[in-house]
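Observations on chain architecture
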Amino acid sequence: MTICIFVFVLSKSEIKRLKVDSDVMKNAKGDICSKIVERQRKIALLENDSSTLSQDDAYKNMVKKIDAAKAKFDNLTQMRSELASEHHKVKQSLEELKCRMDNYEPKLRDMPSEALEEEVRALMSDKSGETEYQESMQSQIDTIKVNMFLNFGRFADYTLNK
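Computed from a predicted model, the values in this text were never measured in an experiment. (Residues numbered from 1 in each chain as written. Predicted model: local features only at pLDDT ≥ 70, side-chain atom pairs only at ≥ 80, totals over all residues. Heavy atoms only, no water.)

This part is about the overall build of the protein. Looking only at helices and strands, the protein has 3 helices and 0 strands in total. Of all 162 residues assigned to the protein, the portion counted as buried reaches 0%. Accessible surface computed for the protein: about 15,600 Å², of which carbon and sulfur atoms make up 61%. (Helix = DSSP H or I, 4+ residues; strand = E, 2+ residues; numbered from the N terminus. Buried < 20%, exposed > 50% of the residue type's maximum accessible area, 1.4 Å probe, protein only. Areas by Shrake-Rupley, 256 points an atom, 1.4 Å probe, with all protein chains shown as cover.)

See below:
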């Protein structure tokens, strides 16, 4: 009987030791699970922060694109305004030209543009010819003045010497 008791005592102590080991392992497992849960929570927070940062970057890029598009739109609006102003000026010029054309004789108004252009060239040629003629006349006048001065000077010397 002594042998059986001893085995039972050893078994009881082993069971006690196993319970202690089991408790230690359960505590360790609980600590590890707590650490895992905490790290998973931190990972989720970091992923959320990363997502927020990505959204912020996307938002900033979107704002930049919107600003660039707005600048282009403003530029196009300015160009459209300038074009409208220029169009208005051209319309006014055409109206003024129509009014001026009403003052011309019907014969002149009804002439084809090629004929009018030929007439303008002829007038310009005549004006050029007149200018050349005037320059030639001025040159002859200058020559006559010089000759008169020279001749008058000789005449004055001649009369003084007599």
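Among the surface-exposed residues, Val90, Leu94, Leu97, Met101 and Tyr104 lie close enough to one another that they form a single nonpolar patch of about 420 Å² accessible area. Judged by relative accessible area, Leu94 falls into the partly exposed class, the value being 46%. (Patch = residues over 30% accessible without salt bridge, like charges linked within 9 Å, V, L, I, M, F, W, Y side chains within 5 Å. Salt bridge = Lys/Arg side-chain N within 4 Å of Asp/Glu carboxyl O.)

For the protein, per-residue confidence averages 81 on the pLDDT scale, and residues scoring 70 or more make up 86% of the total. Looking over the protein, one finds the lowest element-wise mean pLDDT in helix α2 (residues 106-109), namely 71, and the highest in helix α1 (residues 2-102), namely 85. (pLDDT = per-residue confidence, 0-100.)

Throughout the structure, instances matching the rule amount to 4 salt bridges. Salt-bridge contacts for Arg17 lead to Asp21; the nearest nitrogen and oxygen are separated by 3.8 Å. Of this pair, Arg17 and Asp21 both sit in helix α1, 4 residues apart, which is roughly one turn of that helix. We classify Arg17 as partly exposed; its relative accessible area is 49%. The partner of Asp74 in a salt bridge is Lys70, with the nearest N and O atoms 3.4 Å apart. Residue Asp74 and its partner Lys70 are located together in helix α1, separated by 4 residues, close to a single helical turn. A residue is classified by how much of its surface remains accessible, and Asp74, at 38% relative accessible area, is partly exposed.

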